[in-house]
Amino acid sequence: DAIANQIAAGEVVQRPASALKELLENSLDAGAKHIKVIVKDGGKQLIQVIDDGGGMSITDARMSFERHATSKIRKSEDLFCIRTFGFRGEALASIAAVAQVEMKTKRGQDELGTLLCVEGSEVRKQEPVQCANGTSIAVKNLFFNVPARRNFLKSNAVETKHLVEEFQRIALSYPEVSFSFFQNDMQLFSLSPGKLSKRIVGVLGQGYQDQLVVCQEETSLLRIKGYIGKPGSAKKTRGDQYFFVNNRYIKSSYLHHAVVNAFEGLMAADQHPFYVLFLEIDPSHIDINVHPTKTEIKFDDERTVYGVLKAAIKQALGAHLV
Ligand code: ADP
Ligand code: MG
């Protein structure tokens, strides 16, 4: 019912950026190779994601807005099984409970696609439509029917910053997918598929072009790959620091400390290193923080992870300085 949907929505959708994250993950799950994001007014007016993924049949399109309707069978070994568990099949239903959603979707084998408009969980329109293969979902006027939440949103500038951050994390972790991002008709990103190093420069700025040091390590527990910034590129501001575990963005002050520690003696105490590091680890060695929207993580053997990471960074820095 409407109330249950609104409550669930509060868990999944805190702000425009959380809706964007869910839409982008769905596009990637659908095998999209090109993804276009359009936001207006910090996402308050519009958050739209257009993909060239598999698309949906009429029935699937209709079903996708039902709570607990998921077409995805999650593997139990999925790192984020805990995260996705409570939210399995809830994202679109939750978003549609608190916004005006317009979906256009078409599978490659279908002649016509489906247009579906849902507003506050009510289906307002469903009809065949001529459209490209893939899916476009436009989320308009988020929280239009929950004034308390709408008022709680920050300024357009702040919400845009959150949207961009969410977009950057996802774009960094899928360098093989092309992405573009438009804000109020201005293009902020245009990212063609390619190597991680190129993606980092595309996402985080030209300034990193000649500043990347490759970092690679593999042990029985853990595989590490990615880039760190040359010590000279360390900044006084906190800057760009990204950890991905099994290709999901996470925050970890513990792992951050390992990196900083490895830079010891190579940068001033008030400087911060740049890094984009991907860790791969058997999911049975990880615990996800209980709250599903958190991006925090616990390792069974965090000391070892710390040690391996620090050694890998030191080695990369050593090789670079030779
Ligand atoms: P979940 O992703 O957990 O299955 P969602 O509410 O995010 O739940 O999506 C519901 C369903 O809608 C998905 O399982 C998928 O079948 C379908 N879907 C959503 N977005 C897309 C998309 N961009 N392309 C194809 N199918 C989609
Ligand atoms: Mg989803």
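Rules and cut-offs
- Residues numbered from 1 in each chain as written.
- Chains lettered and ligands numbered in written order.
- Predicted model: local features only at pLDDT ≥ 70, side-chain atom pairs only at ≥ 80, totals over all residues.
- Pairing = 2+ DSSP bridges.
- Helix = DSSP H or I, 4+ residues; strand = E, 2+ residues; numbered from the N terminus.
- Axes fitted to C-alpha atoms, helices over the stretch in contact; angles between N-to-C directions.
- Contact = placed C-beta atoms within 7 Å.
- pLDDT = per-residue confidence, 0-100.
- Core = buried A, V, L, I, M, F, W, Y, C linked by C-beta atoms within 7 Å.
- Buried ≥ 20, exposed ≤ 12 C-beta atoms within 10 Å, placed from the backbone.
- Domains from an automatic or database assignment.
- Arc of directions from axis to C-beta.

Trainee: Where do I start with the sheet that holds strand β4 (residues 113-119) in this structure?
Mentor: In a beta sheet, neighbouring strands are held together by backbone hydrogen bonds and run either parallel or antiparallel to one another. Strand order in the open sheet formed by eight strands is β5-β4-β3-β6-β2-β1-β7-β8, with mixed pairing between adjacent strands. The sheet is open, and its two edges are formed by β5 (122-129) and β8 (186-191), each paired on a single side. Averaged over all pairs of adjacent strands, the angle between their axes in this sheet comes to 10°, without regard to strand direction. Note that strand β3 (residues 100-106) and strand β6 (residues 134-140) share seven bridges and pair antiparallel. Following the sheet pairing, V101 is matched in β6 by V139. Where helix α2 (residues 16-29) meets the sheet, its contacts fall on β1 (34-40), β2 (46-51) and β6, and the angle it forms with β2 comes to roughly 10°. Where helix α7 (residues 156-173) meets the sheet, its contacts fall on β1, β7 (178-183) and β8, and the angle it forms with β7 comes to roughly 175°.

Trainee: How should I be thinking about the confidence of the model for the protein in this particular structure?
Mentor: Detailed conclusions should not be drawn from predicted coordinates in areas where pLDDT is low. Averaged over all residues, the pLDDT of the protein is 90; the fraction at 70 or higher stands at 90%. Contacts from residues 75-86, a stretch scored under 50 in pLDDT, to residues over four places away or in other chains number 16 contacts. For this predicted complex, the interface score ipTM comes out at 0.99, while the overall pTM is 0.93.

Trainee: What is the right way to read the sheet that holds strand β13 (residues 275-281) from this model?
Mentor: Taken in spatial order, the five strands line up as β9-β10-β13-β11-β12 in an open sheet, and their pairing is mixed. The strands lining the two open edges of the sheet, one partner per strand, are β9 (212-218) and β12 (248-250). Across this sheet, the average inter-strand angle for adjacent strands is 20°, counted without regard to direction. Relative to strand β11 (residues 241-245), α7 is tilted by about 55°, and along the sheet it contacts β11, β12 and β13. Of the strands in this sheet, β9 and β10 (222-229) touch helix α10 (residues 302-321), which is tilted by about 135° from β9.

Trainee: What is the right way to read the nonpolar core from this model?
Mentor: As a rule of thumb, soluble globular proteins bury nonpolar side chains together. Of all hydrophobic cores here, the largest spans 81 residues; its most connected members are L20, I95, A96, L277 and I313. Examining the composition of this core, we find that seven residues originate from one element, α10, more than from any other. A domain split of this core shows at least three residues from each of domain 1 (2-191) and domain 2 (206-321). If we skip the residues at most four places from it in the chain, I95 touches A9, V13, A19, E22, V101 and V139.

Trainee: Just to check I follow, could you spell out the environment of S18 for this structure?
Mentor: Looking at the secondary structure, you find S18 in helix α2. A count of 21 C-beta atoms within 10 Å places S18 in the buried class. Along the primary structure S18 and A91 are separated by 73 residues, whereas in three dimensions their C-alpha atoms are 9.7 Å apart. Discounting residues that sit within four places of it in the chain, S18 has contacts with V12 and V13.

Trainee: Quick question: what am I supposed to make of unusual backbone geometry here?
Mentor: Backbone geometry follows two general trends: most residues other than glycine have a negative phi, and most peptide bonds adopt the trans configuration. In this structure, S121 is a non-glycine residue whose phi angle is positive, near 70°. For S121, the location among the structural elements is in the loop between β4 and β5. By C-beta crowding, S121 is classed as buried, having 22 other C-beta atoms within 10 Å. The phi angle at F143 is positive, at roughly 65°, despite the residue not being glycine. Within the element layout of this structure, F143 appears in the loop between β6 and α6 (147-152).

Trainee: Got a minute to help me understand the domain arrangement of the protein in this structure?
Mentor: Interface size, as often reported, equals the accessible area lost upon joining of the parts. For the protein, the domain assignment lists domain 1 (2-191) and domain 2 (206-321). Relative placement of domain 1 and domain 2: their C-alpha centres are 30 Å apart.

Trainee: Which parts of the structure should I look at to understand helix α9 (residues 253-262)?
Mentor: Since the α-helix turns once every 3.6 residues, residues separated by three or four places project in the same direction. Turning to α9, its buried residues number three or more, namely L255, V259, V260 and A262. Around the axis of α9, the buried residues are gathered within 160° of arc, so they sit on the same side. Its buried side turned inward, α9 meets β11, β13 and α10.

Trainee: Please explain the environment of Y208 as it appears in this structure.
Mentor: The topology assignment puts Y208 in the loop between α8 (196-204) and β9. As a C-alpha pair, Y208 and F274 span 66 residues in sequence and 9.3 Å in three-dimensional space. Leaving out residues up to four positions away in the same chain, Y208 has contacts with I200, V201 and G229.

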